[in-house]
Amino acid sequence: MVAIMVEKPSAARNFAKALGGMSGSFEGTAYQIVTARGHLFEFAPPEKQVAPGDAARMKDWALENLPWQEQSIQWSREKKADVASVLTAAKPVLKSASEICIAGDVDPSGEGFLIQVEILDELGIRPKKATRMYFTDEAAPSIQKAFRGRKAVADIHKNEEYLMAWYRTRWDFLSMQWARVASKCGGGPLLRQGRLKSAMVLLVGDQLKLCGAYRKIPYYQNRFRDENGVVYTSSEEPSFSSKDQVPQVYHGSAVVLDSREKKTSGPPKFLDLSTLSSRLASKGHKAKTVLDVYQKLYQDSILSYPRTEDRVITPEQFDELLPKVNAIAKVVGVDPGILTHRTPRKTHVKTGGAHGANRPGPNVPASLDALDKYGLAARDIYEMLARNYLACLCEDYEYEAQKGHLAEYPKFTGQASVPL
C-alpha cells in the first residue's frame, strides 16, 4: 500500500477526488491519503536549544552575548498546538505502508517536502521505499499523472528539496539574533515585522520617500503634429523652462514616408499575483482581500493555485482548459468566435514549472453573479484572470509600422502604428 502524504486538508480533498477516495486503488495500486495541516512543528525557543549552562545567555538580549555560536544549537523542534490528532491518525498508515509518497506542494523553497519529513522524523519512521509526486496543480489530471510517475527518493534527508528547506529554516532562526541587535541599537521598540518583511518595508518606505519628493518639472520644445496625431521630434531641438522662450522659427511642412513594415504583436504574458493585486487596487480591492478571496476560489478549483512564480503553463494545463474555453468566455462576455488560436503558444506554454501561471480553474462558474458568495472581489478577480488567459487564444495583432520625416525639416521624424 502507498501512503500519500499531502500538506493540508484541502489538498487531501483534491487528491481524493482525483484518485477515487481517501483510500482505495488507482489503476491497480492500493493507496491511502494522509494529511498534515501545514507545518506541525517549530523550533524551540533559543534558551531551550542549548545546554542548561548557556540558557541564560541565549535568553538575554544583551549585545555582549551575541553573536550566537551556531555549533552549540541543538535544533530541537516542538509540536505546535493541537497537532496530536494529526500525528495519531497518520502513524498507523505510515508504519504499515510499503511505500511512502511525499506529495507536499512543489515549492521553490522545498517547504512542501520538509513538512512531511518532519512528521516521519517525529514518528521515528524510516520509509521502506520513499517516492515523490511532482504536480503543477491539484487538478485531477495533474494529480493522476504525478501518481503514475512517482519518483524514487534514495534518502529523504539528502534530498535537494529537504536540504534547501532545512537550510532556510535554520538561517531564519539564526537571523533572529540580528532582530535583537536592531531592537537594542535602534533607539526605540522594534516593530514586529520579521527579518524579511522588515527589509521589504524599508525598500517600500525608501521608494515612497522618493515618490513624495518627486516634483514634475515641465519643459517646452518645438514639435510638429500632423492631422493623424503623429508627433514629429528632433533630438537636436533645444528645450526651455518657459513656453515664452521657445523660438517661433518653423512653419508647416509636408511629410515624407520613409518606410512601412508589416509587424505582429502577440498577447500579453499571464498575470502574476502581485500584478493582479495592483490592477485590482484601482477597483478598491486591498491586496489581502484579493489573496483571501482568490484562495477560496482556488479551493473550489475555480482558479488555479495563487502563490506561484510561474508565468507560463504546461501543455497538460493548456489541454485541460481547452474544452472549457467557450464556457469561460461566456462568463466574462468574450465572443468565442475571436478565440481562433487554439494551439499552444511557445511564449505561454512550456514544460516544467511548479504550479503554472495564474489562470481559470477546471470548474467554470455559471456566471459572475455566482461568484459573489466568495466575496466582493471575486467577480473582478475571475474576470481579469479569465480575459488575460483568453487573450492567448486570440490571433496576433497585425499592424503596419510607418516611419517618416518632414520634407522641409528632415531632422524632425515621427512614426505610427496603423492597425491592419
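Further up the page is the structure itself.
The structure displayed is predicted, hence computed values, not measured ones.

Novice: Go over the overall build of the protein, please, and point to the residues and values.
Specialist: Along the backbone of the protein there are 13 helices and 13 strands. A compact globule built from 420 residues should have a C-alpha radius of gyration of about 22 Å, whereas the protein, at 29 Å, is more than 25% larger. The principal-axis extent of the C-alpha atoms belonging to the protein is close to 90 × 65 × 40 Å. In the protein, which comprises 420 residues, the share counted as buried stands at 42%. Counting contacts in the protein only where the partners sit at least 6 residues apart, residues at least 24 apart contribute 75% of the total. The average position of the 57 basic charges and that of the 49 acidic charges among the side chains of the protein differ by 4 Å.

Novice: Outline the packing of helix 1 (residues 9–19) against helix 5 (residues 140–148), supporting the account with residue identities and numerical values.
Specialist: One can describe the packing of helix 1 onto helix 5 by two numbers: an axis separation of 9 Å at closest approach and a directional angle of 80°. With respect to their mutual orientation, helix 1 and helix 5 come out roughly perpendicular. The residues of helix 5 that touch helix 1, namely those facing Asn14, Phe15, Ala18 and Leu19, are Ala140, Ile143, Gln144 and Phe147. Among the residues making up the contact of helix 1 with helix 5, the classes are represented as 6 nonpolar, 2 polar and no charged.

Novice: Just give me the short version of the pattern of salt bridges, but keep the residues and values in it.
Specialist: Side-chain pairs of opposite charge can arise where the charged atoms are in close proximity. Counted by the stated rule, this structure contains 20 salt bridges. Glu78 is paired through a salt bridge with Lys48; the nearest N and O atoms lie 3.7 Å apart. Taken as a pair, Glu78 in strand 5 (residues 77–79) and Lys48 in the loop between strand 4 (41–43) and helix 2 (55–59) lie far apart in primary sequence, 30 residues in all. The shortest N-O distance in the salt bridge between Arg379 and Asp372 comes to 3.2 Å. Sharing partners across several salt bridges, the network here consists of Glu99, Lys129 and Arg150.

Novice: Tell me about the sheet that holds strand 7 (residues 130–132), and name the residues and values.
Specialist: Here 6 strands make up an open sheet; going across it, the order is 2-3-1-6-7-8 and the pairing mixed. Only two strands of the sheet have a single partner each, and these edge strands are strand 2 (23–26) and strand 8 (151–152). As paired elements, strand 7 and strand 8 share 2 bridges and run antiparallel to each other. Across the sheet, the residue bridging to Arg132 is Lys151, located in strand 8. This element, helix 5, spans strand 1 (2–6), strand 2 and strand 3 (29–35) of the sheet and lies at about 75° to strand 2.

Novice: Could you give an account of the packing of helix 4 (residues 111–123) against helix 6 (residues 160–174), naming the residues involved and the relevant values?
Specialist: Here helix 4 crosses helix 6 at 85°, and the two axes come no closer than 8 Å. Looking at the two axes, helix 4 sits roughly perpendicular to helix 6. Here helix 4 contributes Glu111, Phe113, Leu114, Val117 and Asp121 to the contact with helix 6, which in turn contributes Glu161, Tyr162, Ala165, Trp166, Arg168 and Thr169. Among the residues making up the contact of helix 4 with helix 6, the classes are represented as 6 nonpolar, 1 polar and 4 charged.

Novice: Can you tell me about the side chain of Glu111, naming the residues and giving the values?
Specialist: Note on placement: Glu111 falls in helix 4. Its relative accessible area of 11% is what places Glu111 among the buried residues. Among the polar contacts made by the side chain of Glu111, one reaches the side chain of His39 at a distance of 2.8 Å. Those residues in contact with Glu111 that sit more than four places away from it in its chain are His39, Ala165, Arg168 and Thr169.

Novice: Go over helix 6, please, and point to the residues and values.
Specialist: End to end, helix 6 covers 21 Å across 15 residues, agreeing with the expected 21 Å (1.5 Å per residue, within 8%). Every buried residue belonging to helix 6 is among Glu161, Tyr162, Ala165, Trp166, Thr169, Phe173 and Leu174, and all of these are buried. In this structure, the buried side of helix 6 is in contact with strand 4, strand 5, helix 4, strand 7 and helix 7 (176–185). Its side-chain oxygen placed 2.8 Å from the backbone nitrogen of Glu161, Asn159 serves as the N-cap of helix 6.

Novice: Explain the pairing of strand 3 to me, using residue names and the numbers behind them.
Specialist: The pairing of strand 1 with strand 3 spans 5 bridges and is parallel. Looking at strand 3, one finds that Val6 is bridged to Thr35. Across 4 bridges, the pairing between strand 2 and strand 3 is antiparallel. When the bridges of strand 3 are listed, Ser23 appears paired with Gln32.

Novice: An account of the packing of aromatic side chains is needed here, citing residue identities and associated values.
Specialist: All told, the structure shown has 18 aromatic pairs when counted by the stated rule. Here Phe43 and Trp166 contribute two aromatic rings whose centre-to-centre distance is 5.8 Å and whose plane-to-plane angle is 50°, an arrangement assigned as tilted. On the criterion of sequence distance, the pair formed by Phe43 in strand 4 and Trp166 in helix 6 is long-range, its members being 123 residues apart. On the basis of relative accessible area, Trp166 is assigned to the buried category, the value being 16%. Relative to Tyr409, the ring of Tyr250 lies with its centre 4.9 Å away and its plane at 80°, an arrangement referred to as edge-to-face. One end of the pair, Tyr250, is in the loop between strand 10 (231–232) and strand 11 (255–265); the other, Tyr409, is in the loop between strand 12 (397–406) and strand 13 (413–419), with 159 residues separating them in the sequence. By relative accessible area, which is 15% here, Tyr409 ends up buried. An aromatic cluster of at least three residues, connected via ring pairs, comprises Phe43, Trp68, Trp75, Tyr162, Trp166 and Phe173. The positively charged end of Arg150 is found above the aromatic ring belonging to Phe147, 4.4 Å away from the centroid.

Novice: Could you give an account of the environment of Ser301, with specific residues and numbers?
Specialist: If you trace the backbone, Ser301 turns up in the loop between helix 10 (287–299) and helix 11 (315–321). Using a relative accessible area of 15% as the deciding quantity, one classes Ser301 as buried. Sequence separation of Ser301 and Glu138 is 163 residues, and the distance between their C-alpha atoms is 8.3 Å. Residues in contact with Ser301, not counting those within four places in the same chain, are Asn14, Gly361, Pro362 and Asn363.

About the cut-offs
- Residues numbered from 1 in each chain as written.
- Predicted model: local features only at pLDDT ≥ 70, side-chain atom pairs only at ≥ 80, totals over all residues.
- Heavy atoms only, no water.
- Helix = DSSP H or I, 4+ residues; strand = E, 2+ residues; numbered from the N terminus.
- Rg over C-alpha atoms; globule rule 2.2 N^0.38 Å.
- Buried < 20%, exposed > 50% of the residue type's maximum accessible area, 1.4 Å probe, protein only.
- Contact = heavy atoms within 4.5 Å.
- Lys, Arg positive; Asp, Glu negative; His and termini not counted.
- Charge placed at Lys NZ, Arg CZ, Asp CG, Glu CD.
- Axes fitted to C-alpha atoms, helices over the stretch in contact; angles between N-to-C directions.
- Parallel < 35°, antiparallel > 145°, perpendicular 65-115°, else oblique.
- Nonpolar A, V, L, I, M, F, W, Y, C, P; charged D, E, K, R; others polar.
- Salt bridge = Lys/Arg side-chain N within 4 Å of Asp/Glu carboxyl O.
- Pairing = 2+ DSSP bridges.
- Polar contact = N/O pair within 3.5 Å; in protein donor to acceptor, adjacent residues only side chain to side chain.
- Expected span 1.5 Å × (residues − 1).
- Phe/Tyr/Trp six-rings, centres within 6.5 Å; stacked < 30°, edge-to-face > 60°.
- Lys NZ or Arg CZ within 6 Å of the ring centre and 35° of its normal.

By themselves, these are just geometric observations and shouldn't be taken as functional.
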